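Listed below are the residues making up each chain.
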Amino acid sequence: MAPASPPPRIMAVFLVVSLLAMSASSQLTTDFYYHSCPKVFQAIMPVVRSAIQKEARMGASLLRLFFHDCFVNGCDGSLLLDDTPTFTGEKNAAPNQNSVRGFNVIDQIKAAVERECPGIVSCADVLAITARDSVHLLGGPYWDVKLGRRDARTASQAAANNSIPPPTSNLNQLISFFQNVGLSARDMVALSGSHTIGQARCTNFRARVYNETNVDASFAQTRKNICPRPNGVGDNNLAPLDQQTPSFFDNNYYKNLLQKKGLLHSDQQLYNGGSTDSLVKTYGNSQSTFVNDFVNGMIKMGDIRPLTGSNGEVRKNCRRVN
Ligand code: HEM
Ligand SMILES: *[C@@H]1O[C@H](CO)[C@@H](O)[C@H](O)[C@H]1NC(C)=O
Ligand SMILES: *[C@@H]1O[C@H](CO)[C@@H](O)[C@H](O)[C@H]1NC(C)=O
């Protein structure tokens, strides 16, 4: 007797449910390169380590690349494409120009991966693994990165201008930038903990330290000392986002906010009498709650609209389409 096949209606329901599940969690998996490039992690980590040994800030810069890639039409490596006379990419978009950095390190990492398994690992996945390794090498958590993203063949400067939150944002604006990519207010607060490492330019904190009232006075003074008041003077002078441990991934970012020592206007918005105050207190008091939510947030951010299957391509050189 032939086995009975399920009634068509049940099959249809099953198909719809599977499709929904696929789109919700994407088709990314932690073992995507298990057979095709088993040594991908061993190829990447030493390059990240030596870049950070040369310059601790590079770990922060590499983490930020993943954020600026994922928020603009998904985690698809589009940020890495160079401008050409006939192509405008994202590198010179307002949030990126004179600000995002680390592209040479990404090139070195990609070259190491290509030597190990040519044509297999996407630039989008390189960014995801590199961001995780950077956090971990600076003393933060380790987690299994979901993989299987493919690289975009296009980029959008307009989307980069419009999708990445500027440091002038207020709390509601920050929440909606994250909501636009499917991330919650809690994810937003947890991922902002990335500002426990790295630096910002005077142009991005001048108005805050000279003009705002929800700022610790002596903190503001030390920042004014390296950031002259006139617009255009010393715009690129740098200050650490976390004044306490700028090269160590911890929860000091939130402790700073509790003392009105957030460097960016947007930072202090998370603790300014609004709906996220209690979460800032929680993270400031509990490194483990922060780390747990941060890792969840990174995994969710990495799931934003990936290209999978036969969409996109695996770029050979992250700076240009094949
Ligand atoms: C919540 C909204 C956010 C805003 C408004 C924001 C804004 C900024 C700004 C203005 C800078 C300094 C750039 C410069 O002066 O050149 C910066 C640096 C940085 N951001 Fe954010 N950011 C946000 C969220 C995030 C997220 C979600 C991550 C990572 C998951 C992140 C990671 C970093 C890192 C690591 C740096 C330091 C980079 C370096 O030193 O090269 N940021 N951010
Ligand atoms: C993006 O912003 C930059 C800098 O403000 C501007 O020069 C450029 O024209 C904008 N690009 C698009 C496509 O809107
Ligand atoms: C501070 O605010 C005043 C008055 O609104 C403005 O003229 C000045 O440019 C601001 N200064 C900075 C550094 O943003």
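Above: the structure in question.
Nothing here was measured: the structure is a model prediction, and the numbers come from that model.

What follows covers the overall build of the chain. Looking only at helices and strands, the chain has 14 helices and two strands in total. Computed over its C-alpha atoms, the radius of gyration of the chain comes to 21 Å, within 12% of the 20 Å expected for a compact globule of 322 residues. With the principal axes as the frame, the chain shows a C-alpha extent of 85 × 40 × 35 Å. Total accessible area on the chain stands at roughly 15,000 Å², and carbon and sulfur atoms take up 53% of it. Taking the average place of the 32 positive charges on the side chains of the chain and the average place of its 25 negative ones, the gap between the two points comes to 2 Å.

Time to look at the state of the cysteines. Throughout the structure, instances matching the rule amount to four disulfides. A disulfide bridge connects Cys-70 with Cys-75, and the sulfur atoms are separated by 2.1 Å. Given an S-S torsion of about 115 degrees, the disulfide between Cys-70 and Cys-75 has right-handed geometry. As far as the burial class goes, Cys-70 and Cys-75 line up, both buried. In the chain, the bonded cysteines, taken in the order they occur along the sequence, pair up as 1-4, 2-3, 5-8, 6-7.

There is one protein donor for the iron atom of ligand 1, and it is His-195 (NE2), at 2.1 Å. Relative to the helices and strands, His-195 is located in the loop between helix H8 (185-192) and strand S1 (199-201).

With 73 residues, the main nonpolar core has Phe-66, Phe-71, Ile-106, Ile-109, Leu-270, Met-298 and Met-301 as its most contacted residues. With eight residues, the single largest contributor to this core is helix H3 (residues 57-70). The residues that make up this core include at least three from each of domain 1 (40-164) and domain 2 (183-300). Excluding its chain neighbours within four sequence positions, the residues that come into contact with Met-298 are Leu-63, Phe-66, Ala-131, Trp-143 and Leu-191. Listed in part, the 13 residues of the second largest apolar core include Phe-205, Phe-219, Leu-241 and Leu-263.

Here the largest pocket defines a volume of roughly 890 Å³. For the lining of the largest pocket, the secondary-structure elements that each account for two or more residues are H3, helix H7 (171-179), H8, S1, helix H12 (265-269) and helix H14 (287-302). Taken together, the residues that form the lining of the largest pocket break down as 23 nonpolar, 11 polar and five charged. Looking at which domains feed residues into the lining of the largest pocket, each of domain 1 (40-164) and domain 2 (183-300) supplies at least three.

This next bit is on unusual backbone geometry. Positive phi, normally seen in glycine, also occurs at Lys-260, with a value near 60 degrees. Since its relative accessible area comes to 42%, Lys-260 is described here as partly exposed. A positive phi angle, close to 35 degrees, is found at Arg-305, a residue other than glycine. Its location among the elements puts Arg-305 in the segment after H14.

Glancing now at empty space enclosed by the protein. Within this structure, the stated rule accounts for two cavities of 30 Å³ or more. Put simply, the largest cavity is a space of about 80 Å³. If you go around the largest cavity, the residues you meet are Phe-66, Ala-128, Ala-131, Arg-132, Trp-143, Val-145, Lys-146, Arg-149, Met-298, Ile-299 and Gly-302. Grouping the constituent residues of the lining of the largest cavity by class yields seven nonpolar, one polar and three charged. In terms of lining, the second largest cavity is formed by Leu-80, Lys-91, Phe-103, Ile-106, Asp-107, Cys-318 and Arg-319.

Attention shifts here to the site of ligand 3. Within the structure, ligand 3 sits among Arg-206, Ala-207, Tyr-210 and Asn-211. A distance of 2.3 Å is found between an oxygen atom of ligand 3 and a side-chain nitrogen or oxygen belonging to Asn-211. Burial of ligand 3 by the surrounding chains reaches 41%, relative to a free accessible area of 360 Å². Here the shell around ligand 3 is built from residues that sort into two nonpolar, one polar and one charged.

This part is about the packing of H8 against helix H13 (residues 277-285). Between H8 and H13, the least distance of the axes is 11 Å, while the angle of their chain directions is 40 degrees. By the criterion of interaxial angle, the relationship of H8 to H13 is oblique. H13 is crossed by H8, and the crossing has right-handed handedness. Residues Arg-186, Val-189 and Ala-190 of H8 lie in contact with H13, whose contacting residues are Leu-279, Val-280 and Tyr-283.

Surveying the vicinity of ligand 1 reveals 26 residues, the closest of which are Arg-57, Ser-61, Ser-99, His-195 and Arg-201. Side-chain polar atom of Ser-61 to an oxygen atom of ligand 1: 2.6 Å apart, as the coordinates give it. A distance of 2.7 Å separates an oxygen atom of ligand 1 from a polar atom in the side chain of Asn-204. Using a 2 Å cut-off from the grid points, one finds that ligand 1 occupies the largest pocket. The element contributing the most residues to the shell around ligand 1 is H3, with five residues. Here the shell around ligand 1 is built from residues that sort into 13 nonpolar, nine polar and four charged. Of the residues that make up the shell around ligand 1, three or more belong to each of domain 1 (40-164) and domain 2 (183-300).

Basis of the calculations
Residues numbered from 1 in each chain as written. Chains lettered and ligands numbered in written order. Predicted model: local features only at pLDDT ≥ 70, side-chain atom pairs only at ≥ 80, totals over all residues. Heavy atoms only, no water. Helix = DSSP H or I, 4+ residues; strand = E, 2+ residues; numbered from the N terminus. Rg over C-alpha atoms; globule rule 2.2 N^0.38 Å. Areas by Shrake-Rupley, 256 points an atom, 1.4 Å probe, with all protein chains shown as cover. Lys, Arg positive; Asp, Glu negative; His and termini not counted. Charge placed at Lys NZ, Arg CZ, Asp CG, Glu CD. Disulfide = S-S within 2.5 Å. Buried < 20%, exposed > 50% of the residue type's maximum accessible area, 1.4 Å probe, protein only. Donors = N, O, S within 2.8 Å, 3.2 Å for Na, K, Ca; no water. Core = buried A, V, L, I, M, F, W, Y, C linked by side-chain atoms within 4.5 Å. Domains from an automatic or database assignment. Contact = heavy atoms within 4.5 Å. 1 Å grid on protein atoms, 1.4 Å probe; cavity = no way out; pocket = protein on both sides within 12 Å on 5 of 7 lines; lining within 4 Å. Points joined across faces, edges and corners; volume = space filled by probe spheres on them. Nonpolar A, V, L, I, M, F, W, Y, C, P; charged D, E, K, R; others polar. Near = heavy atom within 4 Å. Polar contact = N/O pair within 3.5 Å; in protein donor to acceptor, adjacent residues only side chain to side chain. Axes fitted to C-alpha atoms, helices over the stretch in contact; angles between N-to-C directions. Parallel < 35°, antiparallel > 145°, perpendicular 65-115°, else oblique. Left-handed = near helix turned anticlockwise from the far one by under 90°. Sits in = over half its atoms within 2 Å of the grid points.

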